[in-house]
Amino acid sequence: MDSDANGGDEIDSDGFDSTDREYVDRAIELAEEAVEMGNTPFGALLVLDGEIVGEGHNETLTEDDIAAHPELTLARWAGRELDADERARCTMYASTEPCPMCATGIHYAGIGRVVFGVAGETLDELTGDVVTIPCAEVIRRADGDTAVEGPIAEAAAMELHESVYGDS
């Protein structure tokens, strides 16, 4: 069995281990919870040394806060609660590619890795209102060290988005 530094299991044909997929699936579940609470479908979690240390879902509508994205909320939490070495060892799993605002927060927090379910560009094809600057591009332009990987669960993540936004 292949394994990676994050304690993962078997590597699939796309180069992602089964643990990555399980965590992205959990992020999609969190996005479903966001919808159930009256928000848009976005969820994320933060994993440190194989242990979930934080979870979040979008709260922009229920909190009337345009910045209440789960990725930014988790990056801010990590910046307050974890030391720099711990943040560098963290992986953030997101149902959808972090937007430029969230990517900047992830960079400033020093999160070591991001894995996402569906690309922002793919979501934009459905909604037409995504800022389509890739997370990896934001990190690169900031001279950051965060590894960005994905999409790894595009069909599952898009199924949720299509149920909310329609496929028109």
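Here is a short report on the structure shown in this document. Residue positions are given per chain, counting from 1 as you read along its sequence in written order. Residue-level local features of this predicted model are given only where pLDDT is at least 70; pairs of side-chain atoms are given and counted only at 80 or more, and the full residue set underlies all totals for whole chains, interfaces and linings. With hydrogens and water set aside, each side-chain value is computed from the structure's full complement of heavy atoms.

### Some details on the overall build of the chain
The criterion, for reference: Runs of E in the DSSP output that reach at least two residues are strands. Runs of H or I that reach at least four are helices, and both are numbered from the N terminus. Accessible area is worked out with a 1.4 Å probe on protein chains only. A residue is then buried under 20% of its type maximum, exposed over 50%, and partly exposed in between. By definition in these notes, contact holds between two residues if any of their heavy atoms fall within 4.5 Å. Areas reported here follow the Shrake-Rupley algorithm with a probe of radius 1.4 Å; residue values treat only the protein chains shown as occluding.
Within the chain one finds seven helices and five strands. Going residue by residue from the N terminus, the α and β elements of the chain occur as α-β-β-α-α-β-α-β-α-α-β-α. Taking all 168 residues of the chain together, the buried fraction comes to 44%. Long-range contacts, defined here as pairs at least 24 residues apart, represent 60% of the contacts in the chain between residues at least 6 apart. Surface exposure of the chain reaches about 8500 Å², of which carbon and sulfur atoms provide 45%.

### Considerations on unusual backbone geometry
Here Gly150 and Pro151 are connected by a cis peptide whose omega angle stands at 5 degrees. At Asp49, a position not held by glycine, the phi torsion is positive, near 50 degrees. Position of Asp49 among the secondary structure elements: in the loop between strand S1 (43–48) and strand S2 (51–57). Given a relative accessible area of 54%, Asp49 falls into the exposed group. Even without being a glycine, Asp64 presents a positive backbone phi close to 50 degrees. Its place among the elements puts Asp64 in the loop between S2 and helix H2 (70–81).

### A look at the packing of helix H5 (residues 120–127) against helix H7 (residues 154–165)
Selection rule: In this description, a line fitted to the C-alpha atoms serves as the axis of each element, helices being fitted only across the stretch in contact, and the angle between N-to-C directions of two axes falls anywhere from 0 to 180 degrees. Angles are sorted into four bins: roughly parallel if under 35 degrees, roughly antiparallel if over 145, roughly perpendicular if 65 to 115, and oblique for all others. With the far helix as reference, a near helix turned anticlockwise by less than a right angle produces a left-handed crossing, and one turned clockwise produces a right-handed crossing. Amino acids are sorted into nonpolar (Ala, Val, Leu, Ile, Met, Phe, Trp, Tyr, Cys and Pro), charged (Asp, Glu, Lys and Arg) and polar (every other residue, Gly among them).
Two elements in contact, H5 and H7, have axes whose closest approach is 11 Å; the angle formed by their N-to-C orientations is 25 degrees. Viewed along their axes, H5 and H7 adopt a mutual orientation that is roughly parallel. Relative to H7, H5 is oriented so that their crossing is right-handed. For the pair formed by H5 and H7, the contact residues are Thr122, Leu123, Leu126 and Thr127 on the first element and Glu154, Met158, His161, Glu162 and Tyr165 on the second. Classifying every residue of the contact of H5 with H7 gives four nonpolar, three polar and two charged.

### Quick word on the packing of H2 against helix H4 (residues 100–109)
Orientation of H2 relative to H4, taken along the N-to-C sense of each, is 15 degrees, at an axis distance of 8 Å. Classified by the interaxial angle, the pair formed by H2 and H4 is roughly parallel. Every pair of crossing elements has a handedness; the one defined by H2 and H4 is left-handed. Mapping the contact onto sequence places Glu71, Leu72 and Ala75 in H2 and Met101, Cys102, Gly105, Ile106 and Ala109 in H4. Of the residues assigned to the contact of H2 with H4, the class counts are six nonpolar, one polar and one charged.

### Observations concerning the pattern of salt bridges
Operational definition: The term salt bridge refers to a pairing of a side-chain nitrogen on Lys or Arg with a carboxyl oxygen on Asp or Glu at a separation within 4 Å.
Under the definition given, this model contains ten salt bridges. We note a salt bridge from Arg26 to Glu55, for which the minimum N-O separation is 2.9 Å. In this pair, Arg26 sits in helix H1 (residues 18–36) while Glu55 sits in strand S2, placing the two residues 29 residues apart along the sequence. Here Arg26 falls in the partly exposed class, since its relative accessible area comes to 22%.

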